Amino acid sequence: MQMMTRNVLLNMEQEEDDDEDGDIVLENFDQTIVCPTFGSLENQQDFRTPEFEEFNGKPDSLFFTDGQRRIDFVLVYEDETKKENNKKGTNEKQMRKRQAYESNLICHGLQLEATRSVSDDKLVFVKVHAPWEVLCTYAEIMHIKLPLKPNDLKTRSAFGTLNWFTKVLRVNESVIKPEQEFFTAPFEKSRMNDFYILDRDSFFNPATRSRIVYFILSRVKYQVMNNVSKFGINRLVSSGIYKAAFPLHDCKFNYESEDPNCPSERYLLYREWAHPRSIYKKQPLDLIRKYYGEKIGIYFAWLGYYTQMLLLAAVVGVACFLYGYINQDNCTWSKEVCDPDIGGQILMCPQCDKLCPFWRLNITCESSKKLCIFDSFGTLIFAVFMGVWVTLFLEFWKRRQAELEYEWDTVELQQEEQPRPEYEAQCNHVVINEITQEEERIPFTTCGKCIRITLCASAVLFWILLIIASVIGIIVYRLSVFIVFSTTLPKNPNGTDPIQKYLTPQMATSITASIISFIIIMILNTIYEKVAIMITNFELPRTQTDYENSLTMKMFLFQFVNYYSSCFYIAFFKGKFVGYPGDPVYWLGKYRNEECDPGGCLLELTTQLTIIMGGKAIWNNIQEVLLPWVMNLIGRYQRVSGSENITPRWEQDYHLQPMGKLGLFYEYLEMIIQFGFVTLFVASFPLAPLLALVNNILEIRVDAWKLTTQFRRMVPEKARDIGAWQPIMQGIAILAVVTNAMIIAFTSDMIPRLVYYWSFSIPPYGDHTYYTMDGYINNTLSVFNITDFKNTDKENPYIGLGNYTLCRYRDFRNPPGHPQEYKHNIYYWHVIAAKLAFIIVMEHIIYSVKFFISYAIPDVSKITKSKIKREKYLTQKLLHESHLKDLTKNMGLIAERMGGAVDNSVRPKLE
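Residues numbered from 1 in each chain as written. Predicted model: local features only at pLDDT ≥ 70, side-chain atom pairs only at ≥ 80, totals over all residues. Heavy atoms only, no water.

### Examining the overall build of the chain
- Each helix and strand counted, the chain has 26 helices and 22 strands in total.
- For the chain, the proportion of its 911 residues judged to be buried stands at 51%.
- Entry remark: accessible area of the chain is about 44,400 Å², with carbon and sulfur atoms responsible for 57%. (Helix = DSSP H or I, 4+ residues; strand = E, 2+ residues; numbered from the N terminus. Buried < 20%, exposed > 50% of the residue type's maximum accessible area, 1.4 Å probe, protein only. Areas by Shrake-Rupley, 256 points an atom, 1.4 Å probe, with all protein chains shown as cover.)

This is the structure:
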């Protein structure tokens, strides 16, 4: 490359933290000069240093002091000569690396200008500008697609006659004008005349300019150590040589720029997207993509589409909830529980040893009424609906994603991803590449790689086991605290005291355990985030995509176990292995296993979901709003400048919060965990989509507010899709069918009620002459003789608790005196058969519908396919015609020259 006249590299034989210095290597095309490293290097002529200029007093300026060259990137460092803790050796090393790096940036064609901070004299801002020639060169290297000619293809409105209605929801086009559509093609300098270049200053928009400059900044070398080149702005920032590196916002978020030529896109985004008054409007996705890049744009497009689809699920969920609420008074089995002549006469067996008393069934009256709301026929309908809904959401999102790929020119995204600097720094082993048969460096051998993978997998497994241990701790808490609540809470309900009516031992245990479980989940979540990053760093993935995918799988696996383990325990394990009062199952030989409420564990699962899902949403939103706002507030108070100083644009942005290396990773993770709650356990909580809908409406605006007001502008990145999160959602969708079918079968009492209604309410098993739910409670509670305690190692816990001989318990077993006493009865086997049949039928029906929907709905719509083919055809035709014109013109010139040469050679002979 002609602009790369030389490279300045520091050759240091010691590690970075070593105090000894090596030699400075000045690489040139013609010669290599080695300079000793004595004294300061500021005056050496081999370095190219940026020009220092004073701030011109224009706070909204996005240009160098000359007002002509646009600022594409800003680097910030602390002047080594003015540091308070001046360690001479360390500071000199850092200064040499920085000077070498900046010199190499200039050698790559970038133009630099330095300005000292107006508020802190130690800070220096290095402004970076990419000239036209540099932009063109790297646009071709990066295969950036740029406009060829305006797009004349007409687009049909998705709403048609509903435009008058959706106009209220759309962004005001007089404020944010629609972007002009173009036919595009990967840029080539040799075909520059074919591209739609009206103005060189606007041909590359600010986001594209920043992306090109960041590409250069990430690959420029500054040091050679042990024959390994070290390069990249990320490594310099992480080592403290630079304090920050970022592109500029174009203006303040709450005021338009004073520069009339500035589009003030940040202000427009805040006004029409992030401001609370725009909460009901659609997102300006094209402007988001233009300002922040496709990677940010695709996240908000996915989140917005997910929120729109949740609206349908929320409506159906609320309808199912209202159906259960309206019909709770018609719930026969709840009436029997609350009836003093039925539930009030049924004496229930103690649920723990010694301390727990006998109790009457009607003390669970209120919980049975609430259970009627969620454990109704509407729940079954909603579970089937959600199995279809999640498939529709994923399939239609693929279509929407394909449309965005076309509109945002990422259909044929060509982007060769470079190795991460952290990976390159560890490349000490030389191997022969099997394809090129050339030497290349890798960070570890095959054996070393296996050892790292084993250690990383062991660490992940250890933390998952730690979560399981915390779940077991919660179970032990439930068992022990239930004894306390059983002895302290009133034995008989008082109709005048609402607390006594609702706060049963089971309910008190469930609520406190759910709150403690939520606290433990959040603590483990905070710790494991740091551990997962450490494990992934040790694993040393090659590229940033590999790094994010590896971290995604670790974090999601951990979060899946962390958030969902307690819900899986309540849904599928609690109350399933308790034995019966004569032979109970003990935990650790001490605690009797937990039993469900006589109405089942469904209400407790609903309580658990409400607390975890609602608490997580509230906590995350408060954290996302308060944390960056407080950090920026503290930063403003710590500034030493007076209020009379005018602060330039780059210094205002520096005092904002950095987005972080992982960018939107945690935003995606938060939404995917919520997606799991909405789909995996929705059969127990039909209001989950409504909670998710409300949360997501706020989440979109909170994330928009953070990006536009509290964070520095991110480097725009290209992205075709949402990455590894798509297959994760597909896996959750498949698992959701199984979990919801099993919740209805094993957690709710719907199947036992249906079996009783159709088989055991009438002869030969029942006494009624017609199908009815009367007598259901009495039929589903077994009888136990308190003298039949079989565990000889323990004293009979029921003796001395009252003058009782018989009690009832929740199970399907034969009564005492039966030839097979306390063995499962015929009702039990009918119920088990019905449950298994229900799971098989429901799964096959939903999976068949899912398969049919996936087959019937193509990933790319016919219209989008036609547009892609049409644009590709027109683009090739345009380039081909242009190439033919150039070829014809060149052939004509060649023919003229050849004709002239022939004439000159023939004319003397004629004379």
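### Here we look at the sheet that holds strand β6 (residues 111-116)
- As summarised here, the arrangement of the five strands in space is β4-β6-β7-β5-β12, forming an open sheet in which the pairing is mixed. This sheet does not close on itself; its edge strands, each paired only once, are β4 (51-52) and β12 (244-246).
- Pairing geometry for β4 and β6, over two bridges, is parallel. From the neighbouring strand, Glu51 faces β6, where its bridge partner is Glu113.
- Across the sheet, helix α5 (residues 206-217) lies against β5 (73-78) and β7 (123-129), angled at about 45 degrees from β5, the strand it touches most. (Pairing = 2+ DSSP bridges. Contact = heavy atoms within 4.5 Å. Axes fitted to C-alpha atoms, helices over the stretch in contact; angles between N-to-C directions.)

### Considerations on the packing of aromatic side chains
- Enumeration over the complete set of coordinates arrives at 57 aromatic pairs.
- For the ring pair Phe187 and Phe204, a centre distance of 6.2 Å and an interplane angle of 65 degrees mean the geometry is edge-to-face. Taken together, the positions of Phe187 in the loop between β9 (182-186) and α4 (200-203) and Phe204 in the loop between α4 and α5 put the pair 17 residues apart, joining distant regions of the chain. One exposure class covers both Phe187 and Phe204, and it is buried.
- Look at Tyr564 and Phe677: their rings are 5.0 Å apart centre to centre, the planes differ by 85 degrees, and that puts the pair in the edge-to-face class. In this pair, Tyr564 is assigned in helix α17 (residues 544-572) and Phe677 in helix α20 (residues 665-680), connecting sequence segments 113 residues apart. (Phe/Tyr/Trp six-rings, centres within 6.5 Å; stacked < 30°, edge-to-face > 60°.)

### Observations concerning helix α8 (residues 285-292)
- The complete set of buried residues in α8 reads Leu285, Leu287, Ile288, Tyr291 and Tyr292. Looking straight down α8, one finds that the buried residues subtend no more than 160 degrees of arc, so they occupy a single side.
- Residue Gly293 follows α8 closely and has a positive phi angle near 100 degrees. (Arc of directions from axis to C-beta.)

### Examining the confidence of the model for the chain
- Mean pLDDT over the chain works out to 81, with 84% of the residues at or above the 70 mark.
- Per-element mean pLDDT across the chain ranges from 38 in strand β3 (residues 32-35) up to 94 in β7.
- The model gives residues 1-45 a pLDDT under 50, and that stretch makes 115 contacts with residues more than four places away or in other chains. (pLDDT = per-residue confidence, 0-100.)

### Topic: the side chain of Ser119
- Inspection of the secondary structure assignment puts Ser119 in the loop between β6 and β7.
- Only 2.4 Å separates the side chain of Ser119 from the side chain of Glu651, close enough to count as a polar contact. (Polar contact = N/O pair within 3.5 Å; in protein donor to acceptor, adjacent residues only side chain to side chain.)

### A few points about helix α25 (residues 826-856)
- When the terminal C-alpha atoms of α25 are compared, their 45 Å separation across 31 residues agrees well with the 45 Å that a helix rising 1.5 Å per residue should span.
- Among the residues making up α25, those that are buried are Tyr827, Val831, Lys835, Phe838, Ile839, Met842, Glu843, Ile846, Lys850 and Ile853.
- Near the N-terminus of α25, the side chain that reaches the backbone nitrogen of Tyr827, with its oxygen 3.2 Å away, is that of Asn825. (Expected span 1.5 Å × (residues − 1).)

### Describing the environment of Thr332
- Relative to the elements of secondary structure, Thr332 occurs in helix α10 (residues 332-338).
- In this structure Thr332 comes out as partly exposed when scored by relative accessible area, which is 24%.
- Spatially, the C-alpha atom of Thr332 lies 6.7 Å from that of Asp774, the residues being 442 residues apart in sequence.
- Apart from the residues lying within four places of it in its own chain, the contact partners of Thr332 are Met773 and Asp774.

### Here's the deal with empty space enclosed by the protein
- By the definition in use, this model includes nine cavities of 30 Å³ or more.
- By volume, the second largest cavity amounts to about 120 Å³.
- Residue lining of the second largest cavity: 15 residues in total, with Val471, Ile474, Ser517, Ser565 and Ser566 positioned closest to the centre.
- Residue assignment for the lining of the second largest cavity shows that the elements contributing at least two residues are α14 (446-488), α16 (505-539) and α17. (1 Å grid on protein atoms, 1.4 Å probe; cavity = no way out; pocket = protein on both sides within 12 Å on 5 of 7 lines; lining within 4 Å. Points joined across faces, edges and corners; volume = space filled by probe spheres on them.)

### A word on the state of the cysteines
- If you walk through the whole model with that rule in mind, you get three disulfides.
- The disulfide partner of Cys331 is Cys372, and the S-S distance across this bridge is 2.3 Å. Sign of the S-S torsion, about -70 degrees for the bond between Cys331 and Cys372, identifies this disulfide as left-handed. One end of the pair, Cys331, is in the loop between α9 (294-326) and α10; the other, Cys372, is in helix α11 (residues 365-374), and 41 residues separate them in sequence. The residues Cys331 and Cys372 share a single accessibility class, namely buried.
- In this model, Cys349 is linked to Cys807 through a disulfide, with the two sulfur atoms separated by 1.9 Å. Every disulfide takes its handedness from the sign of the S-S torsion; for Cys349 and Cys807 that torsion is 90 degrees, giving right-handed. With Cys349 in the loop between β13 (347-348) and β14 (359-360) and Cys807 in strand β22 (residues 806-810), the pair connects residues that are 458 residues apart, well separated along the chain. With respect to burial, Cys349 and Cys807 carry one shared label: buried.
- Looking at the unpaired Cys447, the closest cysteine sulfur is the one in Cys450, lying at 6.6 Å. (Disulfide = S-S within 2.5 Å.)

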